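Residue strings, one per chain:
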Amino acid sequence: MAQKPKIRELLDESACAHNKNKKSACNAPTPGATTGGCAFEGAQISLFPYADAAHLVHGPMTCVGASWETRLTHTSRPGRDLTQMGFTTGISTNDVVFGGEEKLRQAIDYIVEHYAPEAVFVYSTCVTAMIGDDIDAVCRQAEQTHGIPMVPVHAPGFVGSKNLGSRLAGEAVLTHLIGTREPKNTTPFDINLIGEYNVTGDMWQYTPLLEELGIRVLSTLSGDGRVANIRTAHRANLNVLVCAKSLISLPRKMQERYDIPFISVSFYGKRDTNASILAIATALGNADLIERAKKLIAREEDKLDKKLAPYRKVFQGKKAVLNTGGNKSWSIASALQDLGFEVVATSVKKATEADKEKARATLGEKGILMTNPGQEQAKIIDEIGAHLLLAGGRSLFTAIKKRIAFADVNQEKKKSYGGYGGLLNLAEDLKNALQNPVFNNVARRAPWEK
Ligand code: SF4
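Residues numbered from 1 in each chain as written. Predicted model: local features only at pLDDT ≥ 70, side-chain atom pairs only at ≥ 80, totals over all residues.

Time to look at the packing of helix 5 (residues 101-115) against helix 7 (residues 135-146). Running from N to C, helix 5 and helix 7 cross one another at 30°; their axes reach a closest spacing of 10 Å. In terms of axis orientation, helix 5 runs roughly parallel to helix 7. Judged by the sense of rotation from one axis to the other, the crossing of helix 5 with helix 7 is right-handed. Packed against helix 5, whose contacting residues are Glu101, Leu104, Arg105, Ile108 and Val112, the element helix 7 presents Ile135, Val138, Ala142 and His146 at the interface. The residue makeup of the contact of helix 5 with helix 7, split by class, is six nonpolar, one polar and two charged. (Axes fitted to C-alpha atoms, helices over the stretch in contact; angles between N-to-C directions. Helix = DSSP H or I, 4+ residues; strand = E, 2+ residues; numbered from the N terminus. Parallel < 35°, antiparallel > 145°, perpendicular 65-115°, else oblique. Left-handed = near helix turned anticlockwise from the far one by under 90°. Contact = placed C-beta atoms within 7 Å. Nonpolar A, V, L, I, M, F, W, Y, C, P; charged D, E, K, R; others polar.)

In structure tokens, the structure reads:
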């Protein structure tokens, strides 16, 4: 019988280096933590790219809107994109009194009958967790009735942060999907991509290069993901954790359970993309593959440098402030440095301890790690004389007020900034932002107001 994940164990992840020398574990809930996205949101964001599955939110209908379709996660099978639908049981006060299990059962039946998903992810939320609905039992029963995986996801918002929610989503996949099916065939170079969500097609910037080297992506969690593939993930030769320390428990447990080694990589920027391709080839341990990877990297680097040369002239001497979350605190900073920017500050408010260490290493001793970017960024822009602010949409006002260029690099972004091709997209967008007169003019007073 499947067991609920133990939150305390998940908070104390042995694969996180800093846990060994800190009293408090990573991702521990702090008062007000859910104002930055609750655990349910984190879980749904992590699993949502499985577009051939239905994502059923067992809670009041306001929960489904918290993270539904907030990211532009692409799927290569648009005809089968069930994420266009927001499924919820829409729990009401009546259900709080009498329980919502029957409603959940009916919702699953309805979804299977009308949408024929490959699996149904059932998310508990604050209300349904507190009233004690047994979603495990409902899922078990529904799985027998319908013959497809029903995956209970125990990440109600109150247990903690978005990061913890991602980790709980990983637990759900490990418990209910991984290892439940055998792949048609295997190759010596099969990998799983963990924590790659294919936002704006980031993954497609580098997977063709991996394929060119003969490396096969057996499954993903969860960018452009298929339920049938993640069920076979236990047969991969390597787990590649892409920019997502919050999911580290999953590859660590897969190493223990299935003897699959794992590496952690980032595909933002030229240097990191180079290093990641080489790291994957090296971890797969084939001398010929490593040689071919080196040649491919040299070829791509050469092509990219030629295309970036005119942009670098525009970016010379320009200072940037970066206010984004988690791993992007250092990975986007590294990409900006590749383009010739000086990154003077980055936000580490939502970063793990490992991300903070990497951010420090990327920015150097003089770089500022902002723990309260909402208050700090405007002051830093003034003091350092920054030319560019890269952040989420809410910070646009700061850029306008300070009359400097702005670019949106959060998950709401519209273009891919991953891999070599993405760095070119980023260069083009930043050049346009820096040369756009609107930022300098829009906050100016009208002549008659002077
Ligand atoms: S799960 Fe809880 S914290 Fe998250 S959106 Fe629903 S009610 Fe809010």
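Grouped together as the largest cluster of nonpolar side chains are 121 residues, with contacts concentrated most on Leu56, Val122 and Val153. In this structure, Leu56 is in contact with Phe87, Ala107, Ile108, Ile111, Val120, Phe121, Val122 and Tyr123, ignoring residues within four places of it in sequence. (Core = buried A, V, L, I, M, F, W, Y, C linked by C-beta atoms within 7 Å. Buried ≥ 20, exposed ≤ 12 C-beta atoms within 10 Å, placed from the backbone.)

Our focus in this paragraph is the pairing of strand 5 (residues 190-196). With seven of seven residues buried, strand 5 is to be regarded as a mostly interior element. Where strand 5 and strand 6 (residues 216-222) come together, six bridges link them in parallel fashion. Within the sheet, the bridge partner assigned to Ile194 lies in strand 6 and is Leu221. In the classification by handedness, the crossover that spans strand 5, the intervening helix 9 (residues 207-212) and the parallel strand 6 is right-handed. Here four bridges tie strand 5 to strand 7 (residues 238-242), and the two strands are oriented parallel to one another. Residue pairing across strands places Ile194 opposite Leu241, the latter belonging to strand 7. (Pairing = 2+ DSSP bridges. Right-handed = clockwise from strand over helix to strand, strands pointing away.)

Relative orientation and spacing of two packed helices are given, respectively, by the angle between their axes and the distance between those axes. Interhelical geometry of helix 2 (residues 39-47) versus helix 8 (residues 162-176) gives an angle of 50° and a closest axis separation of 6 Å. On the basis of the axis angle, helix 2 is oblique to helix 8. By crossing handedness, the relation of helix 2 to helix 8 is classed as right-handed. Note on element contacts: helix 8 touches helix 2 through Lys162, Asn163, Leu164, Gly165, Ser166, Leu168 and Ala169, opposite Ala39, Phe40, Glu41, Gly42, Ala43, Ser46 and Leu47. Looking at the contact of helix 2 with helix 8 residue by residue, the classes come out as seven nonpolar, five polar and two charged.

Below, the discussion takes up helix 13 (residues 287-315). Where helix 13 bends most, at Ala309, the angle is about 45°, and the proline Pro310 comes one to four residues later. Among all positions in helix 13, only Ala293, Ile297, Leu304 and Phe315 are buried. On the buried face of helix 13, the contacting elements are helix 12 (270-284), helix 14 (328-339) and helix 18 (419-435). Taken from the residues just after helix 13, Gly317 is the one with a positive phi, measuring 75°. (Bend = angle between axes of the 7 residues up to and from the residue.)

Once that is clear, we can look at the environment of Val343. Within the secondary structure, Val343 sits in strand 10 (residues 342-347). Among the residues examined, Val343 registers 25 C-beta atoms within 10 Å and is labelled buried. Setting aside residues no more than four positions away along its own chain, Val343 makes contact with Ala320, Leu322, Ala333, Leu336, Gln337, Leu363 and Gly367.

Bringing the domain arrangement of the protein chain into the picture now. Looking at the protein chain, the domain boundaries give domain 1 (36-176), domain 2 (190-299) and domain 3 (310-441). Put simply, the middle of domain 1 and the middle of domain 3, counted by C-alpha atoms, are 34 Å apart. (Domains from an automatic or database assignment.)

So, about the sheet that holds strand 8 (residues 262-265). Spatial strand order, 6-5-7-8: four strands in an open sheet with parallel pairing. Where the open sheet ends on each side, the last strands, each with one partner, are strand 6 and strand 8. When strand polarity is set aside, the average angle formed by the axes of neighbouring strands in this sheet is 25°.

Its location among the elements puts Leu209 in helix 9. Remark: the alpha-carbon pair of Leu209 and His74, spanning 135 residues in sequence, is separated by 19 Å. Apart from residues no more than four positions distant in its own chain, Leu209 is found in contact with Ile277 and Leu296.

Sheet architecture is open: four strands sit in the order 2-1-3-4, paired in parallel fashion. Unpaired on one side and paired on the other, strand 2 (87-88) and strand 4 (150-153) mark the two borders of the sheet. As defined by bridge partners, strand 1 (residues 54-58) adjoins strand 3 (residues 120-124) across five bridges and the pair is classed as parallel. Looking at the pairing, His58 lines up with Ser124 of strand 3. Packed onto the sheet, helix 5 meets strand 1, strand 2, strand 3 and strand 4 and runs at close to 160° relative to strand 1. Helix 7 rests against strand 1, strand 3 and strand 4 of the sheet, and its axis sits at about 170° to strand 4.

Each neighbour pair has its own omega, and for Leu221 with Ser222 the value is 5°, a cis peptide bond. With a phi close to 55°, Thr200 is a non-glycine residue in the positive phi region. In this structure, Thr200 sits in the loop between strand 5 and helix 9. Positioned with a positive phi, Asp224 is a non-glycine residue whose angle comes to about 45°. Looking at the element boundaries, Asp224 is found in the loop between strand 6 and helix 10 (227-230). For Asp224, a count of 23 C-beta atoms within 10 Å puts it in the buried group.

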